[in-house]
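What the coordinates show
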Amino acid sequence: MRLSTIFYLYRVRLRARLVQELLAVAGIAVGVALLFASQVANTSLSGSVTRLTDELVGTARLQVVARAPQGFDERFVSEAERLPGVSVAAPMLERSVNVVGPNGVETVDLIGVDRRFIQLNGPLLEHISAGQLYRQHGLALPVPIAEKIGVKSLQSLTVQIGAKNVPTILALELNATDIGAGVANPVAIMPLQAAQSLTGMTGRVSRILVEPYQGHDSEVRRGLQRIAAGKLDVQPANFDASIFGQAEGPTVQSTELFSAISALVGFLFAFNAMLLTVPQRRSLITDLRLDGYTPLEILEVMLFDVLALGIIGTLVGLVLGDFLSHSLLQAQPGYLSLAFPVGSQHVVSWQSVAIATLGGLLAAVVGVIVPLRGEIFGYRPVGAHAKRAPMRIGRALAIAGGLMCTVLTTMLLLRGIETVSTAVLAFVSLTLSLLLILPSTFSGIISLVDRLQRPVMGVSSRIAVIELLSSTTRARSLSIAATGAIAVFGSVSIEGAHSNLREGLVRSAANLSMGTDIWVSPSGGSTTLATTPFEDRYGGRLMRLSKVASVEPYRGGFLNVGDRRVLVLAPPKTDPRLVSATQLVVGNLALARSRMREGRWVTVSQELADERHLRVGGSFVLLAPRPMAFRVAAITTNFGWSPGTIIMNSDDYARAWQSQDVSAYQVSLRPGVTVEEGLREVRSAIEPDTALVVQSAAQHEQNEIAGQRQGLARLTDIAALVLVAAALAMAAAMGAMLWQRRPRLAGMKVDGFGQGELWAALLWESALLLGTGCSVGAIFGLYGQLVLSHALVSVTGFPVVFSMGVSVAIACIAVVTAIALLVVALPGYLAVQVKPALQE
Amino acid sequence: MLQLDEVVKHYRVGDGEIIRAVDGVSLSVAAGELVALYGPSGSGKTTLLMLIAGLLTPDSGSVRVNGREVSRLSARERAHYRRSELGFIRQSLDLIPGVRADDNAALKLLASTGRRDAQRRVAPLLERLGLNGRAVQRAEQLSMGERQRVMIARALSTSPSLVLADEPTGSLDTDRGREVLTLLAEICHERNVGVLLVTHDPRAAAFADQVHALRDGRIAHYQPDNSHLPFEVQ
């Protein structure tokens, strides 16, 4: 058939079914948007780290990195330069600092570099000459950061480095022309010497980026390892980007799971909408077949429908998804920025576009071709109804299949969900079970309502039951119910698991915070994990205060262990908890605490212990700045840091890191002194001339909880989005279905049914449909919650508290049903306004 | 039972022209009487039925059913009147698709009773209409004649005193049409129900107690044209 003929057929049919086609386009668009938005949110997170790493390292392929924020002697740089095969060896000082202006505070990665860095041709300083860099005596900040803190070029600002407030000026505002996409990264750039002076790290650097001559990589690596002498790490230059995957894992995996659920909801939305257009397409196929067109020609006509729907729906969905990823899902997990240079870039990969586009086209193909395959390929006679397997056999098979899937999930759960793929299999199996069991459950509930209605219900509910018993609209009814079921299932599962995780994190935060009365630590984001070291100059001043009983140093930092950036926490020996019962996975709590106080004993989080084959009592060498052997006192959760956590006592940390610097002070008050009194005294002694903040244990705990929650906040956003999308999807499908029923409503009015009765009947029907779908989804969601919570424990090692989120389930049912009913009420009301008529 | 006196209903169309849909119609239908009203398309048949059903109000004249003036009933009373006193057999065969025959027939009874009870109450009616064994079939599994009989069952389900039948044989073949007309006539007499049969099927005259013609909104003398009929009009 000629394309022009196909197009003509499409155009003339469109007039009669414009509303239904627009609904179908909207359905595909919503599905594509949900999928695309969550994909972009993920790629933006990892993409921003990859981009900044690439921009920093330029043509460098290797690096020598310090294991501690204090860095290493810069004499290593000239040794590296002298190695045979080295083209460029560029030193870099890196330090996490806060920049403070009149409008606020931002945490940035301070980068100090010299002319050798420019030789690496990294895009970050591509447009800045060596001369410019040297002439700069202050800080250079990307324009967005400068604007946020309210500072312009040549104006003064304060840099908080550990406990110190250092005044400086903003020498340069960097825009996209200067540093390209790096403008979206939280960085501050200074000449190396100025940065060393500002940070008090004269003669020290954090890393050396090395570009070997072509073919000399191995030789240079060996030379660098010799210089490092086991105290520094020699790694590929882009190592940060590659290990970031470990840290962002939980966020990405949970977002991906949500993407899949979003896509399923979107697909059901599209499928519902396209079912509305099936009668028109069926009648066209009948006409074409009677006119002698071949199945291939009919398929061409239908494929044109697919392309028109798929392409328009996908394009609208991509635009909508891009908007969502900008507006709703842009919040980045800030806790990751303590260990990685996470920016706010918006990274759209071709894979995200391809996945979303394929999803949209697939929905169109399934929605258009599958319901009409019999008619298109001619194995169903014109005008005949689809032959169905006998109802009872079909139902029995579906129930059997559903139960088998539930059994599979249960078996996986009992065996232990230890990998992401097992978690996905268990969840997919549960989803399948839900979809297979839903039709029978739906019939059962309608039948139950049918039996109950005489004593308790009126004419409207009876009409609603009759309509729901219709086999003709069963596919559409089930499809609408399935949309609600999947959305509520997904939301209850994820929100429930999320809430279990939150509870676990709260306990973890309590464990980390409640070992003392008052915390004194550097301000900014680092407060939460206490990982910014500063010189131990304030302990004595604090001890002299009248209300203070004791002051103990708390230490902590990040350390690369293999391909994991592990969080090392070092409370003082006197901390009564050291490690709490709620975080203990394997080991004896009292014994572990006493061994840790002895020294040279640590706790290791589960995934790290598994990877390194460590058991309680076993020993290992920790490649800290000074490699030291430790023994494992206990196995714990990871305290919410997915790459892994190690806890040791503060003195061991000082020995291994070869530094007496502290990350915080734990201040205990004298008996009878209230926390408020203590806070007042400590604040007046410390805060005026330092960058330290003084918090009660409860405030510190709240800060920590807030920081940890940030990592999973996106889940709540997507869960809400899925719920709203599902409610709208069901409302749209229900609304269209009710609108199509007007001729019959006109006839029922002739038979004496009142407008109010008919409207109530439509609302009853919607409520039964939506309520059934959502309730079944909620019940499965509670099981899904259990699966996901176990998966979180096993796969991510997060501290999770197991509980059944029944309130979450009820809230989800209520939200979806209420929104959908409210939206359906209007088209239902308008539909029953139809005038009584004798003829259709 | 039904008494129409000088009923007038005019419509004004877009360009100001007045259509005299019903123009001074008078007729009566007694209990147990089947009255056939013939008329071509546009003769005012449907408007007349809507006036009798209380779906339209006459410009003048009177529509009385069981002694009550229909136009004076409130909206709620009219709905109740249509539901309980009137049976409507429509041409459109608007059964609910995918729903069993007995549920379709019992639809009007749902206003007063539950579904199971309604099914039980229409069962004898369906049997009387020759649909025994077909009650559990879905609407689309029934033949056109069977569907029409389900519509008749629905109309009779509330034991109305008056049945309005709008072209009940319009979509049926000769044999099925005759079956339906026979059934209507039998039920009319058995149940003492007044039936106003609006049609342009000439065979209907053979079953009617009175026959009228409606032309341009007025009652006219009926002159049967029997030449094409496969049976003899008595």
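Rules behind the numbers
Residues numbered from 1 in each chain as written. Chains lettered and ligands numbered in written order. Predicted model: local features only at pLDDT ≥ 70, side-chain atom pairs only at ≥ 80, totals over all residues. Helix = DSSP H or I, 4+ residues; strand = E, 2+ residues; numbered from the N terminus. Buried ≥ 20, exposed ≤ 12 C-beta atoms within 10 Å, placed from the backbone. Contact = placed C-beta atoms within 7 Å. Nonpolar A, V, L, I, M, F, W, Y, C, P; charged D, E, K, R; others polar. Pairing = 2+ DSSP bridges. Axes fitted to C-alpha atoms, helices over the stretch in contact; angles between N-to-C directions. Left-handed = near helix turned anticlockwise from the far one by under 90°. Arc of directions from axis to C-beta. Expected span 1.5 Å × (residues − 1). Core = buried A, V, L, I, M, F, W, Y, C linked by C-beta atoms within 7 Å. pLDDT = per-residue confidence, 0-100.

Another aspect to go through is the overall build of chain B. In terms of helices and strands, chain B carries six helices and 10 strands. Scored against the burial criterion, the 234 residues of chain B give a buried share of 47%. For chain B, the proportion of contacts with a sequence separation of at least 24, taken over those separated by at least 6, is 70%.

The next thing to look at is the overall build of chain A. A count of helical and extended segments in chain A gives 28 helices and 21 strands. Counting over 840 residues, chain A shows a buried share of 55%. Pairs at least 24 residues apart make up 85% of the contacts formed inside chain A by residues separated by at least 6 positions.

Turning our eyes to something else, we now look at the interface of chain B and chain A. Taken together, the 29 residues of chain B in the interface contact 27 residues of chain A. Tallying contributions element by element places helix 2 (residues 75-84) of chain B first for the side of chain B that touches chain A, with four residues. In the side of chain B that touches chain A, the residues fall into 12 nonpolar, six polar and 11 charged.

Right, let's talk about the environment of S659 of chain A for a bit. Residue and element names in this part refer to chain A. On the secondary structure map, S659 appears in the loop between helix 22 (650-657) and strand 20 (664-669). Taking the C-beta count within 10 Å as the criterion, S659 has 19 such neighbours and is therefore assigned partly exposed. Separated by 126 residues in sequence, S659 and P533 place their C-alpha atoms 9.4 Å apart. Beyond its immediate chain neighbours, meaning those up to four positions away, S659 contacts A68, Q70, P533 and A654.

All names here are of chain A. Of all five residues in strand 12 (residues 518-522), five are buried, a share of seventy percent or more. Note that strand 12 and strand 20 share three bridges and pair antiparallel. Among the inter-strand pairings, W519 is bridged to a residue of strand 20, identified as Q666. Sheet topology note: the strand 12/strand 21 (residues 692-696) ladder contains five bridges and is antiparallel. Considered in strand 21, the bridge of V520 is made with V694.

This part covers the environment of A485 of chain A. Tracing the sequence through the fold places A485 of chain A in helix 18 (residues 474-513). Residues A485 of chain A and A778 of chain A, 293 residues apart in the sequence, show an inter-C-alpha distance of 7.2 Å.

With that out of the way, let us pick up unusual backbone geometry. Positive phi outside glycine occurs at A229 of chain A, with the angle close to 50 degrees. The residue A229 of chain A is located in the loop between helix 9 (217-228) and strand 11 (233-236) in this model. Of the residues examined, A229 of chain A has 8 C-beta atoms within 10 Å and is grouped as exposed. Unusually for a residue other than glycine, N66 of chain B sits at a positive phi of about 50 degrees.

This part takes up the sheet that holds strand 8 (residues 194-199) of chain B. In any sheet, the strands associate via hydrogen bonds between backbone groups, in a parallel or an antiparallel arrangement. Residues and elements named next belong to chain B. The sheet built from six strands is open, its strands ordered 6-7-8-3-9-10 with mixed pairing. Among the strands making up the open sheet, the edge pair consists of strand 6 (86-89) and strand 10 (218-220). In this sheet, neighbouring strand axes are inclined to one another by 25 degrees on average, regardless of whether the strands run parallel or antiparallel. The pairing of strand 6 with strand 7 (residues 162-166) spans four bridges and is classified as parallel. Residue pairing for strand 7: I89 is matched across the bridge by A165. Here helix 1 (residues 45-52) sits on the sheet in contact with strand 3 (34-38), strand 7, strand 8 and strand 9 (210-215), set at roughly 155 degrees to strand 7.

Turning our eyes to something else, we now look at the packing of helix 18 of chain A against helix 28 (residues 806-831) of chain A. Residue and element names in this part refer to chain A. Where helix 18 meets helix 28, the axes come as close as 9 Å, and the angle between the chain directions of the two elements is 145 degrees. Helix-helix and strand crossings are classified by hand; for helix 18 and helix 28 the assignment is right-handed. Across the interface between the two elements, G484, A487, V488, S491, V492, E495, G496 and S499 from helix 18 touch V808, A809, C812, I813 and V816 from helix 28. Across the contact of helix 18 with helix 28, the residue classes break down as eight nonpolar, four polar and one charged.

A word on helix 20 (residues 589-598) of chain A. Residues and elements named next belong to chain A. Buried residues of helix 20: A592, R593, R595 and M596, and no others. Looking straight down helix 20, one finds its buried side chains confined to an arc of 165 degrees; they lie on one side. At its buried positions, helix 20 is contacted by strand 16 (601-605) and strand 18 (628-636). A positive phi of about 105 degrees marks G599, the residue just after helix 20.

Within an α-helix, residues lying three or four positions from one another point in the same direction, as the helix has 3.6 residues per turn. All names here are of chain B. With 17 residues, helix 6 (residues 174-190) extends 24 Å between its outermost C-alpha atoms, agreeing within 8% with the 24 Å of an ideal straight helix rising 1.5 Å per residue. Among the residues of helix 6, G177, V180, L181, L184, I187 and C188 are the ones counted as buried. Taken end-on, helix 6 shows its buried residues confined to a sector of 135 degrees, consistent with a single buried face. Opposite the buried face of helix 6, by more than 90 degrees, sit the exposed residues D175, T182 and E190. Packing partners of the buried residues in helix 6 comprise strand 3, helix 5 (144-156), strand 7 and strand 8. With its phi angle positive at about 60 degrees, N192 sits one or two positions after the end of helix 6.

Take the nonpolar core next. Counting 303 residues, the largest nonpolar core has A188 and V816 of chain A together with L197 of chain B as the members making the most contacts within it. Among the elements that line this core, the one with the most residues is helix 27 (residues 755-796) of chain A, at 19 residues. Discounting residues that sit within four places of it in the chain, L197 of chain B has contacts with L34, V35, A36, L37, A165, L184, A204 and A208 of chain B.

Here the focus is the packing of helix 1 (residues 3-16) of chain A against helix 12 (residues 295-327) of chain A. Residue and element names in this part refer to chain A. As a packed pair, helix 1 and helix 12 sit with axes 10 Å apart at the nearest point and diverge in direction by 65 degrees. Note on packing geometry: the crossing formed by helix 1 with helix 12 is right-handed. Contact with helix 1, carried on its side by I6, L9 and Y10, involves E300, V301, F304, D305 and A308 of helix 12 and no other residues of that element. Per-class residue counts for the contact of helix 1 with helix 12 are six nonpolar, no polar and two charged.

We now examine the confidence of the model for chain B. Residues and elements named next belong to chain B. Looking at chain B, the pLDDT average stands at 84 and 93% of residues meet or exceed 70. In this model residues 227-234 is a low-confidence stretch, pLDDT under 50, and it forms eight contacts with partners more than four residues away in sequence or in other chains. This complex was scored by the predictor with a pTM of 0.69 and an ipTM of 0.80.

When you line up the elements, V662 of chain A lands in the loop between helix 22 and strand 20. Once residues within four sequence positions are removed from consideration, V662 of chain A is found in contact with P533, F534, D536, P553, Y554 and R555 of chain A.

All names here are of chain B. Pairing is antiparallel in the open sheet, where four strands are placed in the order 2-1-4-5. Each edge of the open sheet carries a strand with a single partner, namely strand 2 (18-29) and strand 5 (68-69). Pairing analysis gives nine bridges linking strand 1 (residues 2-12) to strand 2, with the strands arranged antiparallel. Across the sheet, the residue bridging to Q3 is S28, located in strand 2. Here helix 1 sits on the sheet and contacts strand 1, strand 2 and strand 4 (60-65); the angle it forms with strand 2, its principal contact strand, is near 60 degrees.

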